[in-house]
Amino acid sequence: MDDTQLDRLGSGKYLLVISYRKDGTPVATPVWVIRDGDALGVWTAADSWKVKRIRRRADVLVGPCDLRGNPTGDQVPATAEIAGTATTARYRTLIARKYGVVGRLTLLGSRLRRGLEGTVGIRVTPKP
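Conventions and cut-offs
Sequence positions are assigned chain by chain, starting from 1 and proceeding in written order. With the structure being a predicted model, the display of local features is reserved for residues of pLDDT at least 70 and the display and counting of side-chain atom pairs for 80 or more, all residues being used for whole-chain, interface and lining totals. Side-chain metrics rest on all non-hydrogen atoms present in the structure, leaving aside hydrogens and water. Strand pairing is defined by DSSP finding a minimum of two bridges between the two strands. To qualify as a helix, a DSSP run of H or I must reach at least 4 residues; to qualify as a strand, a run of E must reach at least 2; elements of each kind are numbered from the N terminus. Here, axes are lines fitted to C-alpha atoms. For helices the fit covers the stretch in contact, and angles between N-to-C directions go from 0 to 180 degrees. By definition in these notes, contact holds between two residues if any of their heavy atoms fall within 4.5 Å.

### A look at the pairing of strand E6 (residues 76-82)
- As paired strands, strand E5 (residues 59-64) and E6 are joined by four bridges and run antiparallel to one another. Across the sheet, Leu61 pairs through a bridge with Pro77, a residue of E6.
- The sheet contact formed by E6 and strand E7 (residues 119-126) spans five bridges and is antiparallel. Residue pairing in the sheet places Ala78 in a bridge with Pro126 of E7.

### Remarks on the sheet that holds E7
- Strand order across the open sheet formed by seven strands is E2-E1-E5-E6-E7-E4-E3, with antiparallel pairing between neighbours. Here the strands that pair on one side only, and so sit at the sheet edges, are strand E2 (26-32) and strand E3 (34-36). Taking the axes of each pair of neighbouring strands and ignoring which way they run, one obtains an average angle of 40 degrees across the sheet.
- With four bridges joining them, strand E1 (residues 14-20) and E5 adopt antiparallel strand pairing. Each bridged residue has a counterpart across the sheet, and for Ile18 the counterpart in E5 is Leu61.
- Against the sheet, helix H1 (residues 3-11) contacts E1, E3, strand E4 (39-45), E5, E6 and E7, and its axis sits at roughly 140 degrees relative to E3.
- Running over the sheet, helix H2 (residues 49-56) touches E1, E2, E4, E5, E6 and E7 and is turned about 100 degrees from E6.

See below:
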């Protein structure tokens, strides 16, 4: 994937992440997205099903979508990995910056509800 496509995905408001159940059934989830160098970053609840699916199977499909998860462009193959504490904290900062007041309020509500350990970042690296 070239930088232009990565920029387009990273600058979009939502990213559709398609992960896979044990039986191979795809599950699509719209998430907020930020650019993270040669990858994309997303942030989610640590106990979410998508985190469990990604821990089991790292290959995913990603592409632009709207708020409801309707694709607005092509899906591309990628590899997802659960980020460590420092990367997750960086993703929170980048999400707050990109999504403004709504992002900061969402992060605050999540921190009050789940604590800092209740959420994780997911680093998504598109395959060449």
